[in-house]
Amino acid sequence: MDFLTALDPHTTISPAILYFGTPVSLLSTVDEHGHPNLAPNSSLWWLGQNAVIGIGSRSQTAQNLLATGEVVINLPSEHEVDHVDRLALTTGRPEVSARRQAAGYRHVRDKFAQARVTPLDSETVAPPRIAEFPVHVEGVVAKVHPLGGATSPAEADLLAVEVAVTRVHVRESLRLAGHADRIDPERWNPLMLNFQRFFGLGAETRPSRLATIDEEWYRGSSAPIPAG
Ligand SMILES: Cc1cc2nc3c(=O)[nH]c(=O)nc-3n(C[C@H](O)[C@H](O)[C@H](O)COP(=O)(O)O)c2cc1C
């Protein structure tokens, strides 16, 4: 046992939330009548050319994903945090449960106006992008996975929504010089949710051995990280 471990021992706790730090997005979707919705989401991860979104099944966004199967994942940097926060405690659903009302939730129909952002046409899907945000990832729903043992999305409280990415737009200023298809991690600073609070990324910590692999090595491969 080293010195630090002896001084700072582990304790068993039972956290009500397990939000240990993930990037924030605003998900843009449309309902079956074409009405757009925006919602903050931080349960998002990437594997190959896919995104997986964790979402409460009763949100307007989940209903739209099930009904129309298209999404834009708009990624903010620290600079766009105010737009994100303006959407907290709002829902596109007209009915708000008593439990949610008690927590401060209310219905907002025009989420673009509420967030003070501008819709921008997408290229491969119907939901609009957010003009003010530096990264837009367009995609189509490939599969909806009910969580918690439910056998259908209608029964589930939580869904993992698998999205096949169809197009990526990034601001010119984020591109890695000399490369057609790369983002410069020195310039891209995702907004992070750490438990219920917003943070940016700190400075780079040390050289990464994974980064010795050329990014193009991953293209067209199903292996997200080198196996064996
Ligand atoms: C910063 C932030 C992150 C959030 N992350 C998630 C999430 O990962 N999954 C989720 O289901 N809800 C998440 N929420 C809550 C939803 O945004 C909330 O349920 C909202 O009412 C959904 O809006 P909608 O009903 O219009 O789709 C988050 C909220 C905020 C402010």
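Residues numbered from 1 in each chain as written. Predicted model: local features only at pLDDT ≥ 70, side-chain atom pairs only at ≥ 80, totals over all residues. Heavy atoms only, no water.

Moving on, we get to the nonpolar core. Burial of nonpolar side chains together is a common tendency in soluble globular proteins. Formed by 20 residues in total, the largest nonpolar core has its most connected members in Ile53, Ile55, Ile73, Leu159 and Val161. Elements supplying a minimum of two residues to this core: strand E5 (50-56), helix H2 (60-68), strand E6 (70-75), strand E11 (135-146) and strand E12 (158-170). Counting 13 residues, the second largest nonpolar core, distinct from the first, contains Val24, Leu38, Phe112 and Phe133. (Core = buried A, V, L, I, M, F, W, Y, C linked by side-chain atoms within 4.5 Å. Buried < 20%, exposed > 50% of the residue type's maximum accessible area, 1.4 Å probe, protein only. Helix = DSSP H or I, 4+ residues; strand = E, 2+ residues; numbered from the N terminus.)

Take the sheet that holds strand E4 (residues 44-47) next. Ordered by their spatial adjacency, 7 strands build an open sheet running E3-E2-E6-E11-E12-E5-E4, and the pairing between neighbours is antiparallel. Two strands bound the open sheet, and with one partner strand each, they are strand E3 (36-41) and E4. Adjacent strand axes in the sheet meet at a mean angle of 30 degrees, parallel and antiparallel pairs treated alike. Alignment of E6 against E11, held across 6 bridges, turns out to be antiparallel. Each residue of the ladder has a partner; that of Val72, found in E11, is Glu138. The strands that H2 touches are strand E2 (25-30), E3, E5, E6, E11 and E12; relative to E2, the one it contacts most, it runs at about 50 degrees. (Pairing = 2+ DSSP bridges. Axes fitted to C-alpha atoms, helices over the stretch in contact; angles between N-to-C directions. Contact = heavy atoms within 4.5 Å.)

Within this numbering scheme, the UniProt entry marks residues 20-175 as carrying the feature "domain: Flavin reductase like" (unreviewed entry). The span residues 20-175 carries 16% helix and 41% strand; its end-to-end C-alpha distance comes to 28 Å. (UniProt positions renumbered as here; feature names shortened; annotations may be inferred.)

The sheet contact formed by E11 and E12 spans 11 bridges and is antiparallel. Pairing of Gly139 across the sheet is with Val165, part of E12.

We now examine the packing of aromatic side chains. Pairs of aromatic rings are described using the distance from one ring centre to the other and the angle between the two planes. Counting across every chain of the model gives 2 aromatic pairs. Summarising the aromatic geometry, the rings of Trp217 and Tyr218 are spaced 5.2 Å apart at their centres and angled 90 degrees between planes, so their arrangement reads as edge-to-face. According to the relative accessible area criterion, Trp217 is partly exposed, its value standing at 43%. (Phe/Tyr/Trp six-rings, centres within 6.5 Å; stacked < 30°, edge-to-face > 60°.)

What follows concerns the pattern of salt bridges. Applying the stated criterion to the full structure yields 9 salt bridges. With a shortest N-O distance of 2.6 Å, Glu95 and Arg93 are connected by a salt bridge. For Arg182, the salt bridge goes to Glu215, with nearest N and O atoms at 3.4 Å. You can see Arg182 sitting in the loop between E12 and strand E13 (192-194) and its partner Glu215 sitting in the segment after strand E14 (197-199), a full 33 residues away along the chain. (Salt bridge = Lys/Arg side-chain N within 4 Å of Asp/Glu carboxyl O.)

Now for the side chain of Arg129. Following the sequence through the fold, Arg129 ends up in strand E10 (residues 129-130). A residue is classified by how much of its surface remains accessible, and Arg129, at 10% relative accessible area, is buried. Arg129 has contacts with Val72, Asn74, Phe112, Thr118, Pro119, Leu120, Asp121, Ser122, Glu123, His136, Glu138 and His169, leaving out every residue within four places of it along the chain.

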